[in-house]
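Per-entry structural report
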Amino acid sequence: MKKDIHPDNYRFVVFQDMGTGEEILTRSCLETKDTIKKDGETYPLFKVEISATSHPFYTGKMKLVDSAGRVDKFRNRYAKFKK
């Protein structure tokens, strides 16, 4: 392994899924401003929008996007500029 290419400020960080509230404690060198108390200790907190606990692929709850409805809305909105 090459020397002096890896950060040396690894510490425990809590990643929190904003959709489900799930918290994952792992080591990271990510800089954060927020902190959280967990198991009697204070850790840096990083908030994520999607994790494995809320991602549709992993949960099996796929959402279908109505792309045809969006196209029709767009055409109706800008029909007056078609001239």
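For the structure, see preceding data.
So, a few notes on the structure that sits alongside this text. These numbers were taken from a predicted model, which means no experiment stands behind them.

Reading guide: rules and limits
Residues numbered from 1 in each chain as written. Predicted model: local features only at pLDDT ≥ 70, side-chain atom pairs only at ≥ 80, totals over all residues. Heavy atoms only, no water. Pairing = 2+ DSSP bridges. Helix = DSSP H or I, 4+ residues; strand = E, 2+ residues; numbered from the N terminus. Axes fitted to C-alpha atoms, helices over the stretch in contact; angles between N-to-C directions. Phe/Tyr/Trp six-rings, centres within 6.5 Å; stacked < 30°, edge-to-face > 60°. Buried < 20%, exposed > 50% of the residue type's maximum accessible area, 1.4 Å probe, protein only. Lys NZ or Arg CZ within 6 Å of the ring centre and 35° of its normal.

Let's shift gears to the sheet that holds strand β1 (residues 11–17). If you walk across this open sheet you meet the four strands as β2-β1-β4-β3, and the pairing is mixed. Each edge of the open sheet carries a strand with a single partner, namely β2 (23–28) and β3 (34–38). With direction set aside, neighbouring strand axes in the sheet form an average angle of 45°. In this structure, β1 lies alongside strand β4 (residues 41–48), joined through four bridges in parallel fashion. What sits directly across from Phe15, in β4, is Phe46.

With that settled, the discussion passes to the packing of aromatic side chains. For the structure on display, the rule yields three aromatic pairs. Measuring from centroid to centroid gives 6.5 Å for Phe12 and Tyr43, while their planes differ by 70°, and the two rings are edge-to-face. Of this pair, Phe12 sits in strand β1 while Tyr43 sits in strand β4; the two residues are 31 residues apart in sequence, bridging distant segments of the chain. Residue classification places Tyr43 among the buried positions, given a relative accessible area of 14%. Ring geometry for Phe15 and Phe46: centres 5.6 Å apart, planes at 70°, overall edge-to-face. Of this pair, Phe15 sits in strand β1 while Phe46 sits in strand β4, and the two are 31 residues apart along the sequence. Exposure remark for Phe46: the relative accessible area of 32% places this residue in the partly exposed category. Positioned above the aromatic ring of Phe12 is the side chain of Arg27, whose terminal nitrogen or guanidinium carbon lies 5.5 Å from the ring centre.

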